[in-house]
Amino acid sequence: MFLNTLTPKFYVALTGTSSLISGLILIFEWWYFRKYGTSFIEQVSVSHLRPLLGGVDSSSPSNSNTSNGDADSNRQSVSECKVWRNPLNLFRGAEYNRYTWVTGREPLTYYDMNLSAQDHQTFFTCDSDHLRPADAIMQKAWRERNPQARISAAHEALELEDCATAYILLAEEEATTIMEAERLFKQALKAGEGCYRRSQQLQHHGTQYEAQHRRDTNVLVYIKRRLAMCSRKLGRTREAVKMMRDLMKEFPLLSMFNIHENLLESLLELQNYADVQAVLAKYDDISLPKSATICYTAALLKARAVSDKFSPEAASRRGLSTAEMNAVEAIHRAVEFNPHVPKYLLEMKSLILPPEHILKRGDSEAIAYAFFHLQHWKRVEGALNLLHCTWEGTFRMIPYPLEKGHLFYPYPICTETADRELLPMFHEVSVYPKKELPFFILFTAGLCSFTAMLALLTHQFPELMGVFAKAFLSTLFAPLNFIMEKVESILPSSLWHQLTRI
């Protein structure tokens, strides 16, 4: 009787509401997956429903042995997800701000700029800055969030004395051209060398003087490195190479600045491949941390020996020679370290301005490498063709990159989250390994489509769909009706009466 009283309008409303609700769930699930890389329903199920249903907590004592056994790999994952200063970072005033003026887009994220502010406070300040008025002003300037306030503070410090860090700030943020930045860095060098000589003589007089000397050393190295980068950008590449070599000889222990990566890029611009190989022989060591610059430059040098004559058809017929095999293995090694780089080198993905900080093995490092080194790959005949033919073969050697690597540690799972913080919103972050769509997105998409189709058919053919709906519900409840009839036939008709009497 209930089914017979239902009208076609009820079925239209039912299917239409179901389609609307499932569509809203689908939109939310898709947005959540695009932003956080996981399904909201799955995350809630794992985090909240599994413990209620008796699931095992990963932090329980029974799993303590497993977690202790995985401690080394976890520590390695954390170290590989450390954010590093980009050795080739651009100038804010002369390059990043010019991009903003032209496009209206901000190339740097707040997270990236905040990391730079922390770097500046670490390298350019010390506890004794309050003893010198200009340094005290600059200590506050590095903490300012407003760029104009920082620039005004730098000018205020220069009114008191020649302050190297004030010139650095103006060269980085106020100068609108590389030539103007170079002029300010030269003034900073003059002031920085004087401070360095004075603190060098007093460094053994106490911890306070030692901290001053450490700060003055960092300032001097930074200035000389940026001056070398100015020379490189202005086309004086040989001069830049000489400045970098002298800097590495004068301060061999300051490897945190990664000046060798600036040197490698400049030597590649000069096509001085013998010197590039000499630098790689020193820094491409198993005991030293790797980078995309190290791995892909080594691959480029080996590809250069065979790429001009390489043909995939000929190689499939006769097999790979020893030199070709070495080049392919070097490419596989580089791709395993950072699988995001080939898409930028092969121009399958558009480049943006590199951030001031990078995550090794992440998309941010790939952008920073390709931005400066794409021209060097194009200059070597056939190198990009060899890369195109061989780079995807890497993934056959590491079918489960998050669990086990071939030449490196397993690929860290934290890269996507960190890269989303480092890279601007208008850039589509490259994700590795590529994630499949969660089950609930596919399920809600199918449910939304099915219910929308039912709503449309019910609206167009109400009587026919009403007949189908009644037939479907009757078929659905037929087993239940059959069971009820069997139960009534087996049990006595006066069962309830007899039970009452008992």
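This structure is a prediction, so every number in the text was calculated from the model and none was measured. Numbers given to residues run from 1 along each chain, matching the order in which its sequence is written. Since the coordinates come from a predicted model, pLDDT governs what is reported: local features require at least 70, and pairs of side-chain atoms require 80 or more to be given and counted, while whole-chain, interface and lining totals use all residues. Computation of side-chain values: all heavy atoms of the structure, hydrogens and water removed.

Caption draft 1: Representation of the overall build of the protein chain within the structure. Numbering of helices and strands runs from the N terminus; a helix is a DSSP stretch of H or I covering at least four residues, while a strand is a stretch of E covering at least two. Each helix and strand counted, the protein chain has 26 helices and two strands in total. In the protein chain, buried positions account for 43% of the 502 residues. Note on contacts: a residue pair is in contact if any heavy atoms of the two residues lie within 4.5 Å. Within the protein chain, counting contacts between residues at least 6 apart in sequence, those at least 24 apart form 71% of the total. Only the protein chains shown count as covering a residue, and every accessible area follows the Shrake-Rupley method with a 1.4 Å probe. If you sum the accessible surface of the protein chain, you get close to 28500 Å²; carbon and sulfur atoms cover 59% of it. Only protein chains enter the accessibility calculation, which uses a 1.4 Å probe. A residue is then buried if its area is under 20% of the maximum for its type, exposed if over 50%, and partly exposed in between.

Caption draft 2: How the structure looks around the nonpolar core. We call a set of buried Ala, Val, Leu, Ile, Met, Phe, Trp, Tyr and Cys residues a nonpolar core when their side-chain atoms join them within 4.5 Å. In terms of nonpolar packing, the biggest core is built from 93 residues, with M138, I168, F185, I223, Y296, L345 and W377 touching the most fellow members. It is helix α16 (residues 292-304) that contributes the most residues to this core, nine residues altogether. Start and end points for every domain follow an automatic or database-based domain assignment. Counting residues domain by domain, this core receives three or more from each of domain 2 (88-257) and domain 3 (288-436). Here Y296 is in contact with A334, V335, N338, V341, P342, L345, Y369 and W377, once residues within four sequence places are set aside. In terms of nonpolar packing, the next biggest core, distinct from the first, is built from six residues, L88, L90, L353 and F372 among them.

Caption draft 3: Geometry of the packing of aromatic side chains. By convention, a stacked pair of Phe, Tyr or Trp rings (six-membered ring in the case of Trp) has centres within 6.5 Å and planes under 30 degrees apart, an edge-to-face pair has planes over 60 apart, and any other such pair is tilted. Applying the stated criterion across every chain, the model contains eight aromatic pairs. When the ring of F337 is compared with that of F408, the centres are 5.3 Å apart and the planes differ by 65°; the resulting orientation is edge-to-face. Separated by 71 residues along the polypeptide, F337 in helix α18 (residues 322-337) and F408 in the loop between α22 (394-397) and α23 (415-422) bring together distant segments of the chain. Through a chain of ring-to-ring contacts, three or more aromatic side chains come together here, namely F124, W142 and Y222. If you follow R105 out to its NZ or CZ, it ends over the ring of F426, 4.5 Å from the centre. The rule for a charge over a ring is simple: NZ of Lys or CZ of Arg within 6 Å of the ring centre, and within 35 degrees of the ring normal. The ring of W84 carries K360 above its face, with NZ or CZ at 4.1 Å from the centroid.

So far we have only geometry, and geometry alone does not tell us how the molecule works.
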